[in-house]
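Close look at the chain arrangement
Read off the chains here:
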Amino acid sequence: MKLFTRAGSFSRFYSLKVAPKVKATASPPTPLRPQNLEFTKLPNGLVIASLENYAPVSRIGLFIKASSRNEDFNNLGTSHLLRLASNLTTKGASAFKITRGIEAVGGKLSVTATRENMAYNVECLRDDIEILMEYLLNVTTAPEFRRWEVAALQSQLKIDKAVAFQNPQARVIENLHAVAYRNALGNSLYCPDYRIGKVTPEELHFFVQNHFTSARMALIGIGVNHYVLKEIGEQFLNMRGGLGLSISKAKYLGGEIREQNGDSLVHAAIVAESAALGSNEANAFSVLQHVLGAGPHVKRGSNSTSLLHQAISKGSQQPFDVSAFNASYSDSGLFGIYTVSQAAAAGDVIKTAYNKVRAVSQGTLSSTDVQTAKKKLKTAYLMSLESSEGFLDEVGSQALIAGSYMPPSTALQQIDSISDSDVINAAKKFISSKKSMAACGNLCTTPFIDEL
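None of these values were measured; they are calculated from a predicted model. Each chain carries its own residue numbering, running from 1 in the written order of its sequence. Only residues with pLDDT of 70 or above have their local features reported here, since the model is predicted, and side-chain atom pairs are shown and tallied only from 80 upward, although totals for entire chains, interfaces and linings are computed over all residues. Only heavy atoms go into the side-chain values, all of them from the structure, while hydrogens and water stay out.

This part is about the overall build of the protein. Numbered from the N terminus, helices here are DSSP runs of H or I no shorter than four residues, and strands are runs of E no shorter than two. When helices and strands are counted, the protein shows 14 helices and 13 strands. For 452 residues, the compact-globule formula gives about 22 Å, and the C-alpha radius of gyration of the protein, at 24 Å, lands near that figure. Along the first, second and third principal axes, the C-alpha atoms of the protein reach 70 × 60 × 35 Å. The contacts in the protein between residues at least 6 apart in sequence include a share of 80% that link residues at least 24 apart. Split by element, the accessible area of the protein, about 20600 Å² in all, is 53% carbon and sulfur. Just to be clear, the radius of gyration here is over C-alpha atoms, and the globule rule we use is 2.2 Å times residues to the power 0.38. In this analysis, two residues are considered to be in contact whenever any of their non-hydrogen atoms come within 4.5 Å of each other. Note on areas: Shrake-Rupley, 1.4 Å probe, and residue coverage restricted to the protein chains presented here.

Here it is in structure tokens:
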């Protein structure tokens, strides 16, 4: 098996071995001891973390602090096309070889993105991880972006965006960020229509060269040996030093976008700026989210136990859905309410939900409600770490934001430290701050921001 090196040559990488196979003996096998998460930060800024759980399936993720917020007005949509280009020809493997090689071992290569980060993930049987590691490194460090392959991929942008926007919620959230922020976080995860077919290989190369730097990367593995992962990082992910291009700080301004169409259901979101991820204030907003209602706790069930749902159901007989909206980023955040209702009842549903948050900001909140919300938040957090995928994402996100890892026990302590007054102050900040609103559907009764 060949790996592409920085010098442009090919060499076999024999040290990429996970847990050694144990020869069968007459004596009972030695029990495998549980391993703790190992964490290393290299001098070039690259973060490497691994957890050896001895599972039959290994997972490795290369997390990169670069996504749509790194775009400017001249290269919008570049990160969207980059997400779809993971199987294009590289300097070490053709598109056919990448696809066929992954399929041959029953593996998986996927690319996901938030507004701030991109994650290239591979998973396969642990004996085959060497093969998929080759493709992961080729895709992220040695892409070619051949002009005809990029041109053939442009139509997929339109399909990918159309599929995502079949869900009105995706359209509303994209519009919400566009009106809340005029730069950085306001950039859409999806390529603008006028840019489809115009994203060039040169723009892709520029984005990778200036944002895929070692200091913005985190290599996270589950079911792999830390020493091996560290050796890979030192040898193959040390190709671009420095911090890359500077990232613009998000500027919250607020505003309103109303998309009038013939849909019978009205989707509406009203938010204000909250707090940056990792701060005590952000934790207070997370608790407030669960006080108001973060969604049903039973699959396909209702959200009837939440304060928002109970307030609206007292005055509306029409079907509706409501929950608190909470999104935190490295330097900002959004908090508010998200409603789905019939067009005729949209005004009453939105106003009632908003007034319920106002009531909480005035102190009509019991300690029992806060303690219950804390338990819900802690449960949701711990459950998100139960799966390998969730744990990989959590470690990768923390590595990119803080350059370290905070164990779950510390996170739970921070949640417990939130007081009733912290939650009330979070509600006050939402009520008093400048709002942003996005809505779509038949907006005949949907109020404007200044009517709330």
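Another point: the pairing of strand E3 (residues 38-41). As paired elements, E3 and strand E4 (residues 47-51) share four bridges and run antiparallel to each other. The residue bridging phenylalanine 39 from the neighbouring strand is alanine 49, located in E4. In textbook terms, the turn of a hairpin is the stretch between consecutive antiparallel strands, and for E3 and E4 this stretch comprises five residues, one of which, glycine 45, has a positive phi near 100°. Two strands are said to pair when DSSP picks up at least two bridges between them.

Accessible area is worked out with a 1.4 Å probe on protein chains only. A residue is then buried under 20% of its type maximum, exposed over 50%, and partly exposed in between. Every buried residue of helix H7 (residues 226-236) is listed here: His226, Val228, Leu229, Ile232, Gly233 and Phe236. For H7, the arc enclosing every buried residue in end-on projection is 165°, short of the 170-degree limit, so these residues lie on one face. Measuring from the backbone nitrogen of tyrosine 227 back to the side-chain oxygen at the start of H7 gives 2.8 Å, which picks out asparagine 225 as the cap. To obtain the arc, one takes the directions from the helix axis to the C-beta atoms. Polar contact is defined as a pair of N or O atoms within 3.5 Å, subject to the rule that within protein one atom must be able to donate a hydrogen and the other to accept it, and that residues adjacent in sequence are counted only when both atoms are side-chain atoms.

Let us look at the packing of aromatic side chains. Note on aromatic pairs: the rings of Phe, Tyr and Trp (six-membered ring only in Trp) are paired at centre separations within 6.5 Å, and the planes decide the class, stacked below 30 degrees, edge-to-face beyond 60, tilted for the rest. Counted by the stated rule, this structure contains eight aromatic pairs. When the ring of tyrosine 120 is compared with that of phenylalanine 212, the centres are 6.2 Å apart and the planes differ by 75°; the resulting orientation is edge-to-face. Placement of the pair is tyrosine 120 in strand E7 (residues 118-125) and phenylalanine 212 in the loop between helix H6 (201-211) and strand E8 (217-222), with a sequence separation of 92 residues. When the centroid spacing of 5.4 Å and the interplanar angle of 80° are considered together, the rings of phenylalanine 165 and tyrosine 190 count as edge-to-face. Residue phenylalanine 165 is found in the loop between helix H4 (147-164) and helix H5 (168-180), and its partner tyrosine 190 is found in the loop between H5 and H6; the two are separated by 25 residues along the sequence. The exposure class assigned to tyrosine 190 is buried, which follows from its relative accessible area of 17%. Through a chain of ring-to-ring contacts, three or more aromatic side chains come together here, namely Phe285, Phe335, Tyr354 and Phe430. Note that arginine 83 overlies the ring of tyrosine 190, its terminal NZ or CZ placed 5.9 Å from the centroid. Over a ring means this: the NZ of a Lys or the CZ of an Arg is within 6 Å of the ring centre and within 35 degrees of the ring normal.

Each strand in a sheet pairs with its neighbour through backbone hydrogen bonds, running either in the same direction (parallel) or in the opposite one (antiparallel). The strand order across the open sheet built from six strands is E3-E4-E8-E5-E7-E6, with neighbouring strands paired in mixed fashion. Looking along the sheet, the strands with just one partner apiece sit at the ends: E3 and strand E6 (108-113). Between one strand axis and the next, the sheet turns by 15° as a mean value, whatever way the strands run. The pairing of strand E5 (residues 57-64) with E8 spans six bridges and is antiparallel. Bridge pairing links leucine 62 to leucine 219 in E8. Lying on the sheet, H7 is in contact with E3, E4, E5 and E8; it crosses E4 at an angle near 155°. Orientation is described by lines fitted to C-alpha atoms, with helices fitted over the stretch in contact, and by angles between N-to-C directions that extend from 0 to 180 degrees.

Here we take up the environment of glutamate 203. Considering the arrangement of structural elements, one finds glutamate 203 in helix H6. Counting along the chain gives 71 residues from glutamate 203 to serine 274, while the straight-line C-alpha distance between them is 33 Å. Beyond its immediate chain neighbours, meaning those up to four positions away, glutamate 203 contacts Asn74, Asn75, Thr78, Arg195 and Lys198.

A few words now on the packing of helix H11 (residues 367-384) against helix H13 (residues 408-416). It is at 10 Å that the axes of H11 and H13 come closest, and there the two elements cross at 160°. Relative to H13, the element H11 lies roughly antiparallel. For H11 against H13, the interelement crossing comes out right-handed. On H13, the residues that touch Lys374, Leu377, Lys378, Tyr381 and Leu382 of H11 are Pro408, Ala411, Leu412, Ile415 and Asp416. Residue classes in the contact of H11 with H13 are distributed as seven nonpolar, no polar and three charged. Reported orientations rely on four angle classes, namely roughly parallel under 35 degrees, roughly antiparallel over 145, roughly perpendicular from 65 to 115, and oblique for the rest. Two helices crossing with the near one rotated counterclockwise from the far one by less than a right angle form a left-handed crossing, whereas a clockwise rotation gives a right-handed crossing. Classification used: nonpolar for Ala, Val, Leu, Ile, Met, Phe, Trp, Tyr, Cys and Pro, charged for Asp, Glu, Lys and Arg, polar for all others including Gly.

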